[in-house]
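# Descriptive analysis of the structure
Listed below are the residues making up each chain.
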Amino acid sequence: MSLLTAVVVWLITLAISIPFVTRTWWMPEAITDIGRLIDESFMVTLAITGFIFVVAQVALGYTVWKYGRKSDGSADYTHGNNKLEILWTAAASVIFVGLTLTGFSVWAETRFIDRRSMEPSEGRLMIEVTGQQFVWNMRYPGEDNQFGPTDINLIDDAAGNPVGLDRDGPGGADDIMVPEMRVPVNREVELALKSKDVLHNFFVPELRIKLDTVPGLVGTLRFKADKEGKYEIVCSELCGLGHYKMRSFLYVVSEEEYDAWMEEQASYLF
Ligand SMILES: [Cu+2]
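Residues numbered from 1 in each chain as written. Predicted model: local features only at pLDDT ≥ 70, side-chain atom pairs only at ≥ 80, totals over all residues. Heavy atoms only, no water.

### Side note on the coordination of the copper ion
For the copper ion, the full set of protein donor atoms is His-200 (ND1), Cys-235 (SG), Cys-239 (SG) and Met-246 (SD), and the range of their distances to it is 2.1 to 2.4 Å. Coordination geometry of the copper ion: the four donor atoms subtend angles of 94 to 121° at the metal centre, consistent with an arrangement described as tetrahedral. Here the donor residues of the copper ion are spaced in sequence according to H-x34-C-x3-C-x6-M. With His-200 in strand β6 (residues 200-204) and Cys-239 in the loop between β9 (229-235) and β10 (247-253), the pair connects residues that are 39 residues apart, well separated along the chain. Of the two residues, His-200 and Cys-239, both sit in the buried class. (Donors = N, O, S within 2.8 Å, 3.2 Å for Na, K, Ca; no water. Tetrahedral: all angles 85-135°; square planar, octahedral: opposite > 155°, others 65-115°. Helix = DSSP H or I, 4+ residues; strand = E, 2+ residues; numbered from the N terminus. Buried < 20%, exposed > 50% of the residue type's maximum accessible area, 1.4 Å probe, protein only.)

Right, dumping it as structure tokens:
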């Protein structure tokens, strides 16, 4: 009977491991350099924790098999083993701190940007993303590369002004508001993430970036997509009844296609 239990434990372990080894239901392919580095970091973590998981489950099965209920009662009672406690606590600490140190720079690369104003950074395409129940609003600074001022009294969803942009303010006349995101391939993009109402979360799986949008705060994310295509933008923070349909799309297109689109958007303004 103990052997049967042990075999069941081992079979479950094997079944759980198969999708990870064969990469069934895997993540979509990363489309940024940083995304690929994050994947590397992820694989190192998965290999270490996966190895420990399998070893622990094999040991569990073996223990059940060897010391399961037996008529001769051969198992001993133990008060614990300090040496072992110290050993595995130290080992876990080394692994966790080590993984943090190796993954830290990759993680920081997409997030730590000096952002005290809404001025576009040198050479980057700046896009302001405002989450609201239940849509994503993208704002481009337009030809002058400067975002116009906003005023809460000017917010009017029905009139196509979800962020209260003041068209008469400095730099406001040419700002472009769209429900979808379009960026040129291989261009550094910087996002300023905001929320109008509750917490949302901006997530594009292929970019491997994800950040809460918090009312009153400006979050920043950076990316440089190197593969053209259409990618889903999802809200991954439960934000209300319509959360499930809060999605948009990121289009990574050629420089020419992007310019043509920008021109078309600008033509609607005047
Ligand atoms: Cu949301």
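Still to come is the rest of the account.
### Observations regarding the packing of helix α1 (residues 2-22) against helix α2 (residues 33-67)
Running from amino to carboxyl end, α1 crosses α2 at an angle of 165°, the nearest separation of the two axes being 7 Å. Classified by the angle between their axes, α1 and α2 sit roughly antiparallel to one another. Once α1 is placed against α2, the crossing between them reads as left-handed. Between α1 and α2, the contacting residues are Ser-2, Leu-3, Thr-5, Ala-6, Val-9, Trp-10, Thr-13, Ile-16, Ser-17 and Phe-20 on the first element and Leu-46, Phe-53, Val-54, Gln-57, Val-58, Leu-60, Gly-61, Tyr-62, Val-64 and Trp-65 on the second. Its residues assigned to classes, the contact of α1 with α2 shows 14 nonpolar, six polar and no charged. (Axes fitted to C-alpha atoms, helices over the stretch in contact; angles between N-to-C directions. Parallel < 35°, antiparallel > 145°, perpendicular 65-115°, else oblique. Left-handed = near helix turned anticlockwise from the far one by under 90°. Contact = heavy atoms within 4.5 Å. Nonpolar A, V, L, I, M, F, W, Y, C, P; charged D, E, K, R; others polar.)

### Some details on the domain arrangement of the protein
For the protein, the assigned domains are domain 1 (2-68 + 85-111) and domain 2 (125-267). Relative to domain 2, the C-alpha centre of domain 1 lies at a distance of 36 Å. If you look at the interface, domain 1 gives 14 residues, while domain 2 gives 17 residues. Around 1,300 Å² of area is buried between domain 1 and domain 2 when both sides are counted, 48% of it from carbon and sulfur atoms. By the criterion of area lost to domain 2, the three top residues of domain 1 are Ile-31, Thr-110 and Arg-111, representing 49% of everything that side buries. (Domains from an automatic or database assignment. Buried area = accessible area lost by both parts, 1.4 Å probe.)

### Quick look at the nonpolar core
Ranked by size, the top nonpolar core spans 35 residues in total, and within it Ile-127, Tyr-140, Met-181, Leu-191, Phe-202, Phe-223 and Leu-250 carry the most contacts. Counting residues per element, this core draws most heavily on β10, which supplies five residues. Once residues lying within four places of it in the same chain are set aside, the contact partners of Met-181 are Ile-127, Val-129, Met-138, Tyr-140, Leu-191, Phe-202, Phe-223, Ile-233, Ser-248, Phe-249, Leu-250 and Tyr-251. (Core = buried A, V, L, I, M, F, W, Y, C linked by side-chain atoms within 4.5 Å.)

### Quick word on the sheet that holds strand β7 (residues 209-213)
The pairing of strands in a sheet happens through backbone hydrogen bonds and is either parallel or antiparallel. Ordered by their spatial adjacency, five strands build an open sheet running β4-β10-β9-β6-β7, and the pairing between neighbours is mixed. The outermost strands of the open sheet, each flanked by one partner alone, are β4 (181-184) and β7. Between one strand axis and the next, the sheet turns through 20° on average, direction left out of account. Relative to β9, β6 runs antiparallel, the two sharing two bridges. When the sheet's bridge partners are listed, Phe-202 is paired in β9 with Cys-235. Lying over the sheet, helix α4 (residues 255-267) contacts β4 and β10, oriented at roughly 135° with respect to β4. (Pairing = 2+ DSSP bridges.)

### Re helix α3 (residues 82-111)
An α-helical segment advances 3.6 residues per turn. Residues three or four places apart therefore align on the same side. The terminal C-alpha atoms of α3 lie 42 Å apart, and with 30 residues this matches the ideal 44 Å at 1.5 Å per residue to within 8%. Along α3, the helix axis deviates most sharply at Gly-103, where the bend reaches about 40°. The set of residues buried in α3 consists of Leu-99, Gly-103, Val-106, Ala-108, Thr-110 and Arg-111. (Expected span 1.5 Å × (residues − 1). Bend = angle between axes of the 7 residues up to and from the residue.)

### Considerations on the pattern of salt bridges
For the structure shown, the criterion picks out 11 salt bridges. One salt bridge connects Arg-139 with Glu-128, and the closest N-O pair in it is separated by 2.9 Å. Note that Arg-139 is positioned in strand β2 (residues 135-140) and Glu-128 in strand β1 (residues 125-132), a separation of 11 residues in sequence. Notably, a salt bridge pairs Glu-128 with Lys-194, separated by 2.9 Å at the nearest N-O pair. Taken together, the residues span a long stretch of sequence, with Glu-128 in strand β1 and Lys-194 in strand β5 (residues 189-195) at a distance of 66 residues. Here the salt bridges do not stand alone but share partners, grouping Glu-128, Arg-139, Asp-175 and Lys-194 into one network. (Salt bridge = Lys/Arg side-chain N within 4 Å of Asp/Glu carboxyl O.)

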